[in-house]
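Okay, here's what each chain looks like letter by letter:
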2 protein chains.
Amino acid sequence: MPIIDIRVVAIGKIKEKFYREALEHYAKRLQPYARLETVELAEGKEAGRGEFARTSLLEDEAQKISRQLRDTAHLIVLSPEGQQMSTEKLAAYLKNLQRINPRADFVIGGAVGLAEKIKQKSDLCFSFSLLTFPHRLARVVLLEQLYRCFKVIRGEPYHK
Amino acid sequence: MPIIDIRVVAIGKIKEKFYREALEHYAKRLQPYARLETVELAEGKEAGRGEFARTSLLEDEAQKISRQLRDTAHLIVLSPEGQQMSTEKLAAYLKNLQRINPRADFVIGGAVGLAEKIKQKSDLCFSFSLLTFPHRLARVVLLEQLYRCFKVIRGEPYHK
């Protein structure tokens, strides 16, 4: 089975050292199971005020994100309104993906969310939780869950 | 309105420095909004094998947990099978709690879960996600969400 090739496209830099270290920790653990690349994009710029400011920021971010998506990749966006799955279901989804398209782009939006057009383009809009997580924490959850899923797929115990 | 008095009772020590730092980070941010105390308990001991080993471990952990719960406190246990809420709903729940009982115990089980009898005793069985999180990550999510909820309750912007 081909190793899965994952690109995480995320808005916003990670300021906190502990979050960066958490990401490095799980990225390292993922090494035997996946090729992982992370593209960290600067937050979008606002033009105008109020609701228009938000829309223009999302539009700016959507353009930056689109440039980083690979045409042939399976596109999974993370959004609180998306579909939830248990770790076992997500593992089964990824196992199937390894067979049909071992190239996956994951998108994590910034503080104000993600433009609709990116969500509409996605193959899966996935939600961790009804709760609103900060995007840095969402990135940690994503890598930890990917690692956990590969352990499930391989039938290996989760290294505590 | 009285400041809420929170006790987090959690099974398992935190080995990773980055998780400890993340917890300290959010504990510090919570200071203006809540009195926070954390009781970290050692993992339970197994007696016997197979399913019985799991049951005996959960029973051992349940006893340790019970000794740390305050009779007069509102009891919230975290479990993947619990009820999910958005951050806004959780904030409304906590706001109400501040009025009716400003003392809350939160319980986070260990690697194999939480004994049924602790769940049955709870006032709320709360779930972050259908996903299985490591207990260290669950502790970070809990403190971050508590902080986020108090920001919502006070109508203050979330400090990024």
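Residues numbered from 1 in each chain as written. Chains lettered and ligands numbered in written order. Predicted model: local features only at pLDDT ≥ 70, side-chain atom pairs only at ≥ 80, totals over all residues. Heavy atoms only, no water.

Some points on the relation of the copies chain A and chain B
Rules: A least-squares fit on C-alpha atoms brings the copies together, and the residues used are those whose pLDDT is at least 70 in both copies. Throughout, a contact is declared for two residues whenever any of their heavy atoms are within 4.5 Å.
Aligned on chain B, chain A shows an RMSD of 0.0 Å; the corresponding rotation is 180 degrees and the shift along the axis is 0.0 Å. Accordingly, the operation relating the two chain copies is best matched by a two-fold axis. Comparing interface residues between copies, 100% of those in chain A also lie at the interface in chain B; the contact surface is shared.

Some remarks on the sheet that holds strand β5 (residues 124-126) of chain A
Residues and elements named next belong to chain A. So the rule is basically this: Two strands are said to pair when DSSP picks up at least two bridges between them. For the purposes of this entry, the term helix denotes a DSSP run of H or I that reaches at least four residues, the term strand denotes a run of E that reaches at least two, and both are numbered from the N terminus. All axes are obtained by fitting lines to C-alpha atoms, using only the stretch in contact for helices, and the reported angles, taken between N-to-C directions, cover 0 to 180 degrees.
If you walk across this open sheet you meet the five strands as β2-β1-β4-β3-β5, and the pairing is parallel. Of all the strands in the sheet, just β2 (34-41) and β5 have a single pairing partner and so form its edges. In this sheet, neighbouring strand axes are inclined to one another by 25 degrees on average, regardless of whether the strands run parallel or antiparallel. For strand β3 (residues 74-83) and strand β4 (residues 103-108), the ladder comprises five bridges, and the chain directions are parallel. Bridging from a neighbouring strand, H74 pairs with A104 of β4. Contacts from helix α3 (residues 87-100) reach β1 (4-11), β3, β4 and β5, with the element oriented near 160 degrees to β3.

So, the confidence of the model for chain A
Parts of the model with low pLDDT should not have their predicted coordinates read in detail. The condition is simple: In predicted models, pLDDT denotes the confidence assigned by the predictor to each residue on a 0 to 100 scale.
On average, residues of chain A score 93 in pLDDT, and 98% of them reach the 70 mark or higher. If you check the scores for this complex, the pTM reads 0.94 and the ipTM reads 0.92.

A look at the pattern of salt bridges
Quick reminder of the rule: Each salt bridge in this description consists of a side-chain nitrogen of Lys or Arg and a carboxyl oxygen of Asp or Glu lying within 4 Å of one another. Working definition: with a 1.4 Å probe on protein chains only, accessible area under 20% of the residue-type maximum means buried, over 50% means exposed, and in between means partly exposed.
Taken as a whole, this structure holds 26 salt bridges over all chains when the rule is applied. Among the salt bridges present, the one from E59 of chain A reaches K117 of chain A, with a minimum N-O distance of 3.0 Å. Of this pair, E59 of chain A sits in helix α2 (residues 50-68) while K117 of chain A sits in helix α4 (residues 116-121); the two residues are 58 residues apart in sequence, bridging distant segments of the chain. For the salt bridge of E156 of chain B with K151 of chain B, the shortest nitrogen-to-oxygen distance reads 2.9 Å. On the accessibility criterion, E156 of chain B (29% relative accessible area) is partly exposed.

What to know about the sheet that holds strand β4 (residues 103-108) of chain B
To summarise the sheet geometry, strands pair through backbone hydrogen bonds and adopt either a parallel or an antiparallel arrangement. Residue and element names in this part refer to chain B. Here we have five strands laid out as an open sheet, ordered β2-β1-β4-β3-β5, and parallel in their pairing. Pairing within the sheet leaves two strands with one partner each, and these edge strands are β2 (34-41) and β5 (124-126). Averaged over all pairs of adjacent strands, the angle between strand axes in this sheet comes to 25 degrees, irrespective of strand direction. As paired elements, strand β3 (residues 74-83) and β5 share four bridges and run parallel to each other. Across the sheet, the residue bridging to V77 is C125, located in β5. Most of the contacts of helix α3 (residues 87-100) go to β3, to which it runs at about 160 degrees, and overall it touches β1 (4-11), β3, β4 and β5.

As for the interface of chain A and chain B
Which entries qualify depends on this criterion: Here a polar contact means two N or O atoms within 3.5 Å. Within protein one must be a hydrogen donor candidate and the other an acceptor candidate, and residues neighboring in sequence count only if both atoms are side-chain atoms. Only Asp, Glu, Lys and Arg are considered charged, only Ala, Val, Leu, Ile, Met, Phe, Trp, Tyr, Cys and Pro nonpolar, and every remaining residue, Gly among them, polar.
Tallying the contact residues gives 33 residues for chain A and 33 residues for chain B. Summed over the shared surface of chain A and chain B, the number is zero salt bridges. Scanning the region where chain A abuts chain B turns up 13 residue pairs in polar contact (both at pLDDT 80 or more). Counting only elements with at least two residues in the side of chain A that touches chain B, the list comes to α1 (17-30), α3 and α5 (135-154) of chain A. Tallied by class, residues from the side of chain A that touches chain B come to 17 nonpolar, seven polar and nine charged.

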